[in-house]
Amino acid sequence: MRRIHSRDVKPGMTVASDVFALNNQLVIPKGVVLNNKTISKLSFYSVPFIQIEDEIINEETKAPQTYHEKVQNDPQFQAFKAKFEQEVDSFKNQLNDVVNQNEPLDLDSLLERSNNIVNSAPDSIGILTLLSNMHSYDDETFAHSMNVSLICNLFAKWLHLSEDEINKATLCGLLHDIGKLTIPGNILRKPGKLTDPEYTKIKEHCRAGYQILRDNNIDPHICNSALMHHERSDGSGYPLRLKDAQIDPYAKLVAIADVYDATTSPRVYRGPMCPFEVISIFERDGLQKYSPEYILVILENIVNTYLLETVKLSDDREGQVIYINKNHLGRPTVKIKDVYLDLSTTKEINIVEII
Ligand SMILES: [Fe+2]
Ligand SMILES: [Fe+2]
């Protein structure tokens, strides 16, 4: 172990003892392998010296090429991914038994599937980052349902809901697309553009899911989430074209998680969309379509996840997200060397990638 000045630390070094700020707040726990974000925290909290392990450079994290490669090479991510896939397999078997064999729907054991994954998520990588790095499984209904469940769980915590409400929101996410099990696989997994009749068929998954859940005497909020997660507050959704006050609050939460997952998950034809781009889309179109009491809190928390990250801008410069602008959450202030660029007033430049 040796003590070095904060200005001399490099990505890949391992922290040998807990690092505290002047107010005794824990800044970086012992054992963390430093990256650009954690190194930035040292200057942010004015930490002058830290203890590091003697190995100095961890080869695995020494020179990762992209943000996604960094995450995907992390052993903690790989362990999480293995757990995720194991639980999704169990979830898939359970749900198929419900739909095909008329087995009863066991909510406690379903909730355990989601909670096992939440509990296996490493503290150092946020759940949204973990999910946006999953490459296999990406278009499958089951992995998507699990993603939405985990995102609902996170959003419900951000909204300070009670433990019972958090569990219910987690189940609403997990079961929101259960009706898709009644839609023919050739339509569901069709790679090209859907015809109008095929699209109409897919839309039936909302009512079909509601019926399956009602037949199993499931909590009405969970049934409503299956029925109403494609409804929008301005009446532009389906199947019933409901307006804000008519939509179940749990379905409103699922709607945001559903769209967030669909846009940030990698697809065969594109990589994952940059979270700042997704936030800008929600800010531009979303305020009329989604519940205002949820969407602003959620977007602010998503952006905070990326504070101090290094980003690439549309003019190819690189900088660090240094200040979140509450009126333009998708357009924070970025520090480029010694220049502070306020993207809320520099509309021609965007964040295109987290690196
Ligand atoms: Fe759906
Ligand atoms: Fe969905």
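An account of the accompanying structure is given in this report. If you're wondering where the values come from, they're calculated on a predicted model, not measured in any experiment.

How each quantity is defined
- Residues numbered from 1 in each chain as written.
- Chains lettered and ligands numbered in written order.
- Predicted model: local features only at pLDDT ≥ 70, side-chain atom pairs only at ≥ 80, totals over all residues.
- Heavy atoms only, no water.
- Donors = N, O, S within 2.8 Å, 3.2 Å for Na, K, Ca; no water.
- Tetrahedral: all angles 85-135°; square planar, octahedral: opposite > 155°, others 65-115°.
- Buried < 20%, exposed > 50% of the residue type's maximum accessible area, 1.4 Å probe, protein only.
- Phe/Tyr/Trp six-rings, centres within 6.5 Å; stacked < 30°, edge-to-face > 60°.
- Helix = DSSP H or I, 4+ residues; strand = E, 2+ residues; numbered from the N terminus.
- Lys NZ or Arg CZ within 6 Å of the ring centre and 35° of its normal.
- Pairing = 2+ DSSP bridges.
- Contact = heavy atoms within 4.5 Å.
- Axes fitted to C-alpha atoms, helices over the stretch in contact; angles between N-to-C directions.

### Section: the coordination of the iron ion (ligand 2)
Right, so step 1: Protein coordination at the iron ion (ligand 2) comes from His144 (NE2), His176 (NE2), Asp177 (OD) and Asp258 (OD), with a distance range of 2.2 to 2.3 Å.
Right, so step 2: With four donor atoms in place around the iron ion (ligand 2) and angles of 77 to 171° between them, the coordination shape is irregular.
Right, so step 3: Written as a sequence motif, the donor arrangement for the iron ion (ligand 2) is H-x31-H-D-x80-D.
Right, so step 4: In this structure, the iron ion (ligand 2) lies 3.6 Å away from the iron ion (ligand 1), the two metals sharing Asp177 as a donor.

### Details of the coordination of the iron ion (ligand 1)
Octahedral metals with six donors have ideal donor angles of 90 or 180 degrees. Tetrahedral metals with four donors have an ideal donor angle of 109.5 degrees.
Right, so step 1: Protein coordination of the iron ion (ligand 1) is provided by Asp177 (OD), His205 (NE2), His229 (NE2) and His230 (NE2), with donor distances spanning 2.2 to 2.3 Å.
Right, so step 2: Judged by relative accessible area, His205 falls into the buried class, the value being 1%.

### Quick word on the packing of aromatic side chains
Right, so step 1: Taken as a whole, this structure holds six aromatic pairs when the rule is applied.
Right, so step 2: Considering the side-chain rings of Phe155 and Trp158, the 5.6 Å spacing of their centres and the 25° angle between planes classify their relative orientation as stacked. With Phe155 and Trp158 both in helix H7 (residues 141-158), this residue pair falls three residues apart, about one helical turn. Here Phe155 and Trp158 have matching classes, each one buried.
Right, so step 3: One cation-aromatic arrangement involves Arg3 over Phe49; the distance from NZ or CZ to the ring centre is 4.0 Å.
Right, so step 4: Lys203 extends its terminal NZ or CZ atom over the ring of Tyr238, reaching a point 5.0 Å from the ring centre.

### Focus on the environment of Glu277
Right, so step 1: Within the fold, Glu277 resides in helix H14 (residues 275-289).
Right, so step 2: As for Glu277 and Gly126, which are separated by 151 residues in sequence, their C-alpha atoms are 18 Å apart.

### As for the pairing of strand S4 (residues 49-52)
Regular strands place side chains that alternate from one sheet face to the opposite one.
Right, so step 1: Covered by surrounding structure in S4 are Ile50 and Ile52 only, the residues Phe49 and Gln51 on the alternate face being uncovered.
Right, so step 2: For strand S1 (residues 2-5) and S4, the ladder comprises four bridges, and the chain directions are antiparallel. Within S4, the position partnered with Arg3 by the bridge is Gln51.

### Quick word on helix H1 (residues 36-44)
Right, so step 1: Taken as a whole, H1 has its buried residues at Thr38, Ile39, Ser40 and Leu42.
Right, so step 2: Looking at the packing, one finds that the buried side of H1 touches strand S2 (19-20), strand S3 (26-28), S4 and strand S6 (318-323).
Right, so step 3: Where H1 ends, the next residue or the one after it, Ser46, has phi of about 50°, a positive value.

### A look at the sheet that holds strand S7 (residues 333-336)
Strand-to-strand pairing in sheets goes through backbone hydrogen bonds, with the strands running parallel or antiparallel.
Right, so step 1: The strand order across the open sheet formed by five strands is S8-S7-S6-S5-S9, and the pairing between neighbours is antiparallel. Edge positions in the open sheet fall to strand S8 (339-342) and strand S9 (351-354), since each of these has one partner strand only. Across the sheet, the mean angle from the axis of one strand to that of its neighbour is 40°, orientation sign disregarded.
Right, so step 2: With three bridges connecting them, S6 and S7 associate as antiparallel partners. Bridged to Gln320 within S7 is Lys335.

### Some points on the environment of Asp164
Right, so step 1: Within the element layout of this structure, Asp164 appears in helix H8 (residues 163-175).
Right, so step 2: Residue Asp164 is classed as exposed on the basis of its relative accessible area, which comes to 63%.
Right, so step 3: Remark: the alpha-carbon pair of Asp164 and Ile355, spanning 191 residues in sequence, is separated by 37 Å.

Function cannot be inferred from these measures alone, as they are strictly geometric.
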